[in-house]
Amino acid sequence: PGPFDFICANIIAQVIVQILPDIALRMGPGSKALLSGIITEHQAAVMEAVKKAGLECCEEIRQDEWLALAVTKSRS
């Protein structure tokens, strides 16, 4: 189903990396996803998966050792 304008995933980084291709498929042009529940030491792996999925990080939110990333799908 989809596309969706907004998707939220609050789970561990390893699972986010696994499901990012499916999330990207369900996002419409210009839509956003919030990926949270990420320990900062796993940021590089998640960012790599974001790029591989054809998405772009538009905001990072940090609290202690936790990280949330807002990502978007290009309109083009």
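Quick look at the structure, then. The structure presented is a predicted model; accordingly, all values stated were derived computationally and were not measured.

Section: the state of the cysteines
Moving on, step 1. This structure, assessed with the given rule, holds zero disulfides.
Moving on, step 2. Unpaired in terms of disulfides, Cys8 finds its nearest cysteine sulfur in Cys58, a separation of 13 Å.
Moving on, step 3. Residue Cys58 stays outside any disulfide, its sulfur separated by 6.3 Å from that of Cys57, the closest cysteine.
Moving on, step 4. For Cys58, a relative accessible area of 42% puts it in the partly exposed group.

Digging into helix α2 (residues 43-52)
Moving on, step 1. Of the positions making up α2, those classed as buried are Gln43, Val46, Ala49 and Val50. Projected down its long axis, α2 carries its buried residues within an arc of 130 degrees, all on one side. What points out from α2, more than 90 degrees from its buried face, is the exposed set Ala44, Lys51 and Lys52.
Moving on, step 2. Contacts made by the buried residues of α2 are with α1 (13-26), β2 (27-39), β3 (55-63) and β4 (66-73).
Moving on, step 3. Just past α2, the residue Gly54 takes up positive phi, approximately 80 degrees.

Criteria and thresholds
- Residues numbered from 1 in each chain as written.
- Predicted model: local features only at pLDDT ≥ 70, side-chain atom pairs only at ≥ 80, totals over all residues.
- Heavy atoms only, no water.
- Disulfide = S-S within 2.5 Å.
- Buried < 20%, exposed > 50% of the residue type's maximum accessible area, 1.4 Å probe, protein only.
- Helix = DSSP H or I, 4+ residues; strand = E, 2+ residues; numbered from the N terminus.
- Arc of directions from axis to C-beta.
- Contact = heavy atoms within 4.5 Å.

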